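An overview of the molecular structure
Single-letter residue listing:
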Amino acid sequence: MRHDDHHHAALAEERDGFRFRGGCPAIDLPATLQARLKPAPRELLATPEDVRRWMVAAGLTDAAPPADEEDLALARRLREAIYDLAVHRHGGSGPPGGSLDSALDVLNQVAALPAATPALSQVGGVRLSGPMTAFIATVARHAVHLFGGGAPIRQCQSPTCTLFFVDTSRAGDRRWCSMKGCGTKAKVAEFRRRKREGSSAV
């Protein structure tokens with residue numbers, strides 16, 4: 001039963017104050033800057049401790065190693081490189097912060113750092129270990145494989161959402177980062193619009 005509980009927790013879209021709607025940690029990292037197109041975005045990676053919390057919430061480790069200011073700066077640089085790459089490669093509602101070349105440089109540099117060491121546990125799970133830099137490098141390597149493997153990356157079609165996600169739907173036509181979140185909002189807006197137009201047409 002506990003295994004099922006853990007499985008359901010792993011699928012939750014909101015974990016420890018962070019959003020996980022992308023389908024993998026690498027594409028979820030850009031979601032740590034909320035409302036990024038607004039004049040005052042909300043920074044969820046405000047302290048080194050936030051980086052630790054995100055690694056645990058992302059499911060990369062049960063007990064993240066300590067993080068310092070350099071780790072925080074590295075995680076943010078990687079986050080913006082992934083976001084910029086997604087916008088350059090897959091279009092998006094917001095302009096990228098930097099060029100494609102600079103995003104590639106940052107991603108490849110971080111991915112070249114020593115990654116976390118995987119070890120097989122007795123119950124069959126994989127445990128990662130290493131300093132925080134190694135965990136950030138692991139996320140960068142995920143991103144390299146994601147972009148390099150031609151994954152179907154899309155951006156949520158909600159005009160107020162900038163989140164990207166890996167489209168794993170069978171038909172390959174997923175429109176929202178979350179059916180519960182943005183999808184429901186869009187359906188309500190469409191229903192209200194039709195109602196308005198219906199009543200004005202009478």
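Above this note sits the structure.
Let me begin by describing the structure that accompanies this report.

Points about the packing of helix H4 (residues 69-90) against helix H6 (residues 132-148)
- Taken N-terminus to C-terminus, the directions of H4 and H6 make an angle of 5 degrees; their axes are 10 Å apart at the nearest point. On the basis of the axis angle, H4 is roughly parallel to H6. Contact with H4, carried on its side by Asp71, Leu74, Ala75, Leu78, Ile82, Leu85, Ala86, Arg89 and His90, involves Met132, Thr133, Ile136, Val139, Ala140, Ala143 and Phe147 of H6 and no other residues of that element.
- A per-class count over the contact of H4 with H6 returns twelve nonpolar, two polar and two charged.

Focus on the side chain of Asp71
- Among the structural elements, Asp71 can be located in helix H4.
- Apart from residues lying up to four places away in sequence, Asp71 is in contact with Pro66, Met132, Thr133 and Ile136.

Re unusual backbone geometry
- Even without glycine at this site, Asp16 takes up a positive phi of about 55 degrees.
- On the secondary structure map, Asp16 appears in the loop between strand S1 (14-15) and strand S2 (18-19).
- At Ala35, a residue that is not glycine, the phi angle is positive and equals roughly 50 degrees.
- With respect to the helices and strands, Ala35 occurs in the loop between strand S3 (33-34) and strand S4 (42-43).

Conventions adopted
Residues numbered from 1 in each chain as written. Predicted model: local features only at pLDDT ≥ 70, side-chain atom pairs only at ≥ 80, totals over all residues. Heavy atoms only, no water. Axes fitted to C-alpha atoms, helices over the stretch in contact; angles between N-to-C directions. Helix = DSSP H or I, 4+ residues; strand = E, 2+ residues; numbered from the N terminus. Parallel < 35°, antiparallel > 145°, perpendicular 65-115°, else oblique. Contact = heavy atoms within 4.5 Å. Nonpolar A, V, L, I, M, F, W, Y, C, P; charged D, E, K, R; others polar.

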